[in-house]
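For reference, the chains in residue letters:
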Amino acid sequence: MSGDLVTLAQEVSPYVTAAVGAYGGAVLARANEEAADATVGWGRALLQRIFGVTSEAEVPEAVAELAADPDNEDLQAVLRVQIKKLLTADPELAAQVRAMLEQADAATGRTVTTTVTASGKGAVAAGRDITGSVTTGDQSPITPA
């Protein structure tokens, strides 16, 4: 479950980072959704749901810091970690955010791209599911046809 929430927090990141970059600390209080593009609007909605705040006075520190420097990858990571903690602590919130993210992806036409890296002798990497056999090593029982 924890790995799934890490992935969920990573998938939320482009939306919330875009929203913070566009609106700064006012991201959670922004009222005019029509003026925002779809990604920023969804990012704001996701942030409001995750943090449960709607006023600029209640902006969490991680959001405020990222608002001051939206291209800072370290601050983006801090926000992802905070989101992951909140999602881990509240499975119902995680389910709601997952549903919102699916709606956001459908509304914006965004597709999630997963980068998978395998390293080392015999390493295997897969994006989501492996549905067949995986064999590694010099002594593989599978012979080429």
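Residues numbered from 1 in each chain as written. Predicted model: local features only at pLDDT ≥ 70, side-chain atom pairs only at ≥ 80, totals over all residues. Heavy atoms only, no water.

A. Structural context of the overall build of the protein chain. Each helix and strand in the protein chain was counted, giving five helices and zero strands. Starting at the N terminus and walking to the C terminus, you meet the elements of the protein chain as α-α-α-α-α. A sequence separation of at least 24 residues applies to 61% of the contacts in the protein chain between residues at least 6 apart. Of the roughly 8700 Å² of accessible surface on the protein chain, 48% is carried by carbon and sulfur atoms. (Helix = DSSP H or I, 4+ residues; strand = E, 2+ residues; numbered from the N terminus. Contact = heavy atoms within 4.5 Å. Areas by Shrake-Rupley, 256 points an atom, 1.4 Å probe, with all protein chains shown as cover.)

B. Structural view of the environment of glutamine 96. With respect to the element layout, glutamine 96 can be found in helix H5 (residues 91–108). Since its relative accessible area comes to 27%, glutamine 96 is described here as partly exposed. Distance from glutamine 96 to arginine 49, taken between C-alpha atoms, is 8.5 Å for residues 47 residues apart in sequence. (Buried < 20%, exposed > 50% of the residue type's maximum accessible area, 1.4 Å probe, protein only.)

C. View of the nonpolar core. Of all hydrophobic cores here, the largest spans 31 residues; its most connected members are Val12 and Ile83. A per-element tally of this core places helix H1 (residues 2–23) first, with nine residues. Among residues more than four places away in sequence, those in contact with valine 12 are Leu46, Ile50, Ile83, Val97 and Leu101. (Core = buried A, V, L, I, M, F, W, Y, C linked by side-chain atoms within 4.5 Å.)

D. Geometry of a negative patch on the surface. Taken together, the side chains of Asp69, Asp71, Glu73 and Asp74 present a region of like negative charge at the surface. Classification of glutamate 73 by relative accessible area gives exposed; the value is 62%. (Patch = residues over 30% accessible without salt bridge, like charges linked within 9 Å, V, L, I, M, F, W, Y side chains within 5 Å. Salt bridge = Lys/Arg side-chain N within 4 Å of Asp/Glu carboxyl O. Lys, Arg positive; Asp, Glu negative; His and termini not counted. Charge placed at Lys NZ, Arg CZ, Asp CG, Glu CD.)

E. Spotlight on the pattern of salt bridges. A full pass over the atoms with the stated rule returns one salt bridge. Where arginine 98 meets aspartate 4, a salt bridge forms, and the shortest distance between an N and an O atom there is 2.7 Å. In this pair, arginine 98 sits in helix H5 while aspartate 4 sits in helix H1, placing the two residues 94 residues apart along the sequence. A relative accessible area of 26% means that arginine 98 is categorised as partly exposed. On the accessibility criterion, aspartate 4 (38% relative accessible area) is partly exposed.

F. Region of the structure containing the confidence of the model for the protein chain. Of all residues in the protein chain, 63% have pLDDT values of 70 or greater, and the mean over the chain is 77. The spread of mean pLDDT over the elements of the protein chain runs between H1, the lowest at 82, and helix H4 (residues 73–89), the highest at 93. Ignoring residues within four places in sequence, the model shows residues 31–36, a span with pLDDT below 50, making six contacts including any to other chains. (pLDDT = per-residue confidence, 0-100.)

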